[in-house]
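Coordinates in review
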Amino acid sequence: MFSIAIRYLCGWASAAANKKEEPEWPPHPDRVFMALVAAWAETGADQSEEQCLRFLQGLPAPRLSASLSYELHAASIIFRRDLNAEERVPVPVYVPANGDRREMKSPIKLMPSERKRNKRYFPAVIPESDTVYLIWPDVELPAEHRAALERLCAKVGYLGDTSSLVQMWVEDNPPPPTLVPTDERHYSCRLRVFRTLEELIADYERDKRAGQYLPRTFKWGYYREPEEKKPPTPSSHFAELLILRRTAGPTLDITDTLGLAKTLRDAAISLWQQRIESSVPEWLSGHTPSGGRSRRENGHLAFVALPNVGHQHADGELKGAALAVPQDVTKDEQTLLLDALFPLDEQTGEVRPLELTLGRLGVWRLEQETRSFPRMVTLHKPVWLGPAERWATVTPIVLDRYPKNGESEAEEMVAAACQRIGLPRPREVVLMPGSLFIGAPLANRFPSLPKKFGKTVDQHTHALLIFDQPVRGPILLGAGRYRGYGLCRPWRSGGEQ
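Residues numbered from 1 in each chain as written. Predicted model: local features only at pLDDT ≥ 70, side-chain atom pairs only at ≥ 80, totals over all residues. Heavy atoms only, no water.

What follows deals with the overall build of the protein. On a plain count of helices and strands, the protein comes out with 9 helices and 24 strands. Expressed as lengths along the three principal axes of its C-alpha atoms, the size of the protein is roughly 85 × 55 × 50 Å. About 25,200 Å² of surface is accessible on the protein, with carbon and sulfur atoms providing 50% of the total. (Helix = DSSP H or I, 4+ residues; strand = E, 2+ residues; numbered from the N terminus. Areas by Shrake-Rupley, 256 points an atom, 1.4 Å probe, with all protein chains shown as cover.)

Written out as structure tokens, the structure reads:
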């Protein structure tokens, strides 16, 4: 086993992702290889170092040990101070353009103050740990390449932006990896992996002839967190939450949850029939092959709208959607569903977005959120998964029936709803007309479920649930749980009382 260690000397890393205004973290393996190749080419192109680079490019994709906890650098990203306050906004910088000195008629035009300014971004993150490792656990570094690789590492001064200073070395005892290569593109982050020395040289020669940087063709690999044995945490029947990010379309309010969930469900069933097979599985439709209501032990797929709530400037606007997947739905079945929703474009090699037609309102365009760095807190999966001891509703719980004996019966119904989805019975249930989360309106402002779900007028209520131990989400309670109602989120404010 050997690894290449990279320490960020300033404590932060500055490099742009595919979108220039977003930071890249962790550093892509291809970026590290490019830095090694640049160091080789700029220092005389030593023969032994070239052989070492060819050895590296033939290795399998490395595992990564990088801190998955990080913060945005305050100088590059700010919170927007308006109704969309939850969104992180990159800060542009206007820098003097280099220009062509031969075309400048006067020396004074060379001064930065006289030159045209271009809009640039310098995104950066501050990781919890300043050191990253590229690890090959099953490969031994041959003695003839070790000295060459150590020399190359010593020559690399920065990674990404020139202000992102690094120290690199060969490490034989790296820490355990935090990201490992995988073939599952739907549940992972996408990183650029090693290209070959010939490809990098060809790109360099092409750019040199053109006099500018031209678009490159990268090789992509997928990475996920390694599977670890963790102490069991009580969880609901919903095991996974697949986040979908809105990239275009009209503004919808949290009270539009029911309509959006129905549209998303109809689209999922229709696309499954078109692209996978005509028969829709029970875990997706919620109905048996004969048309009856599903009685599966772990329920079926739930369609959820994700609103902007829970902070000072929250407005309840829907920022995306999610699919809450039952525990007994396999990864292969989830992959089939995601393939139906987001097929791969054979010509471009990119994933096509999902388009939801919302009648006269227009079309919502959705993409699966696989970025390691979502710009909106609402799209962070841990925000909805916990674990936590206290959970509060974002959308109201629809009670199964009218509570004739008052609030105590309603509390008992909510506690039973927790047990119905596999959670332990909460120690305490507190019902209330409004949500504890800023941005979520009163329960009576949400539309009722369709008639077929109940014979009487729906009883909507918000709630705070307190368990004896931390439980894991996603948590959806009540009669409308498959349509986005009864959505809960960890409640971490207010102290123990």
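Still more ground to cover, so stick around.
This brings us to the state of the cysteines. Each disulfide consists of one covalent bond between the sulfur atoms belonging to two cysteines. Under the criterion given, the structure shown has 0 disulfides. The closest cysteine sulfur to the non-disulfide-bonded Cys-418 is located on Cys-488, 7.2 Å from its own sulfur. Looking at Cys-418, the relative accessible area reads 0%, which means it is buried. (Disulfide = S-S within 2.5 Å. Buried < 20%, exposed > 50% of the residue type's maximum accessible area, 1.4 Å probe, protein only.)

Further remarks concern helix H7 (residues 331–341). Each α-helix turn comprises 3.6 residues. Residues three or four places apart therefore point the same way. Where H7 is concerned, the buried positions are Gln-334, Leu-337, Leu-338, Ala-340 and Leu-341. The buried side chains of H7 occupy one side of the element, clustering within an arc of 155 degrees when seen end-on. (Arc of directions from axis to C-beta.)

Turning our eyes to something else, we now look at the pattern of salt bridges. Enumeration according to the criterion identifies 28 salt bridges in this entry. A salt bridge links Arg-245 to Glu-369; the shortest N-O distance between them is 3.0 Å. Separated by 124 residues along the polypeptide, Arg-245 in strand E15 (residues 238–248) and Glu-369 in the loop between strand E19 (363–368) and helix H8 (382–385) bring together distant segments of the chain. The class for Arg-245 is buried, based on a relative accessible area of 9%. If you follow the salt bridges from partner to partner, you end up with Glu-24, Asp-30, Arg-31, Arg-192, Arg-195, Asp-203, Arg-206 and Asp-207 in one network. (Salt bridge = Lys/Arg side-chain N within 4 Å of Asp/Glu carboxyl O.)

This part covers the environment of Gly-484. Relative to the elements of secondary structure, Gly-484 occurs in the loop between strand E23 (460–471) and strand E24 (488–490). A relative accessible area of 0% places Gly-484 in the buried class. For the pair Gly-484 and Gly-434, spaced 50 residues apart in the sequence, the C-alpha separation amounts to 17 Å. Contact partners of Gly-484, with chain neighbours within four places excluded, come to Thr-257, Phe-303, Val-304, Thr-395 and Leu-476. (Contact = heavy atoms within 4.5 Å.)

It is worth spelling out the sheet that holds strand E14 (residues 219–224) at this point. Through backbone hydrogen bonds, the strands of a sheet pair up, either in parallel or in antiparallel fashion. The strand order across the open sheet formed by 3 strands is E12-E14-E13, and the pairing between neighbours is antiparallel. This sheet does not close on itself; its edge strands, each paired only once, are strand E12 (180–182) and strand E13 (189–193). On average, each strand axis in the sheet is inclined to that of its neighbour by 55 degrees, with strand direction left out of account. Contacts from helix H1 (residues 29–42) reach E13 and E14, with the element oriented near 20 degrees to E13. (Pairing = 2+ DSSP bridges. Axes fitted to C-alpha atoms, helices over the stretch in contact; angles between N-to-C directions.)

The next point concerns helix H3 (residues 143–155). Within H3, the full set of buried residues consists of His-145, Ala-148, Leu-149, Leu-152 and Cys-153. One side of H3 carries all its buried residues, which in axial view fall inside an arc of 140 degrees. Residues of H3 that are exposed and point more than 90 degrees away from the buried face comprise Ala-143 and Ala-154.

Together, Asp-183, Glu-184, Glu-227 and Asp-332 give the surface a local cluster of negative charge. Mapped onto the elements of the fold, Glu-227 is located in the loop between E14 and E15. (Patch = residues over 30% accessible without salt bridge, like charges linked within 9 Å, V, L, I, M, F, W, Y side chains within 5 Å. Lys, Arg positive; Asp, Glu negative; His and termini not counted. Charge placed at Lys NZ, Arg CZ, Asp CG, Glu CD.)

A separate point is the sheet that holds strand E16 (residues 302–307). Spatial strand order, E16-E17-E15-E19-E18: 5 strands in an open sheet with antiparallel pairing. The two strands at the open ends of the sheet, each matched to only one other strand, are E16 and strand E18 (354–357). Here the strands of the sheet are splayed against their neighbours by 35 degrees on average, with no regard to which way each runs. Strands in contact with helix H5 (residues 257–275) are E15, E16, strand E17 (318–326), E18 and E19; relative to E18, the strand with the most contacts, it is inclined by about 125 degrees. Its contacts with the sheet place H7 against E15, E17, E18 and E19, and it is angled at close to 15 degrees to E15.

On the surface, a cluster of nonpolar side chains totalling about 280 Å² of accessible area is made up of Leu-9, Tyr-158 and Leu-165. As for its placement among the helices and strands, Tyr-158 is situated in the loop between H3 and strand E11 (166–171).

Okay, the packing of H1 against H3 next. One way to put it is that H1 packs onto H3 with a least axis distance of 9 Å and a crossing angle of 95 degrees. Compared by their axis directions, H1 and H3 come out roughly perpendicular. Here Leu-36, Ala-39 and Trp-40 of H1 come into contact with H3, specifically with Leu-149, Leu-152, Cys-153 and Lys-155. (Parallel < 35°, antiparallel > 145°, perpendicular 65-115°, else oblique.)

Quick look at the pairing of E15 now. E15 sits mainly inside the fold: 8 of its 11 residues count as buried. Both E15 and E17 contribute to a ladder of 7 bridges, which runs antiparallel. Within E17, the position partnered with Arg-245 by the bridge is Gly-320. Relative to E19, E15 runs antiparallel, the two sharing 4 bridges. When the bridges of E19 are listed, Arg-246 appears paired with Leu-366.

On to the confidence of the model for the protein. Per-residue confidence for the protein gives a mean pLDDT of 84, with 90% of residues at or over 70. Mean pLDDT values for the elements of the protein range from 54 in strand E5 (residues 77–79) up to 94 in strand E10 (residues 131–136). (pLDDT = per-residue confidence, 0-100.)

In this section: the nonpolar core. Core analysis: the biggest nonpolar cluster contains 62 residues, and Leu-264, Leu-284, Leu-323 and Leu-337 have the highest contact counts within it. Ranked by residues supplied to this core, first place goes to H5 with 9 residues. If near-sequence neighbours (up to four positions away) are discounted, Leu-323 is found in contact with Glu-240, Leu-241, Leu-242, Leu-244, Leu-264, Leu-301, Ala-302, Phe-303, Leu-337 and Leu-341. (Core = buried A, V, L, I, M, F, W, Y, C linked by side-chain atoms within 4.5 Å.)

A separate point is unusual backbone geometry. Cis rather than trans, the peptide bond between Trp-25 and Pro-26 has omega equal to -5 degrees. Take Pro-26: it is sitting in the loop between strand E2 (13–14) and H1. The backbone of Ala-45 shows a phi angle near 50 degrees, a positive value even though the residue is not glycine. Looking at where Ala-45 falls in the secondary structure, it is placed in the loop between H1 and helix H2 (47–57). Assessed through its relative accessible area of 34%, Ala-45 is described here as partly exposed.

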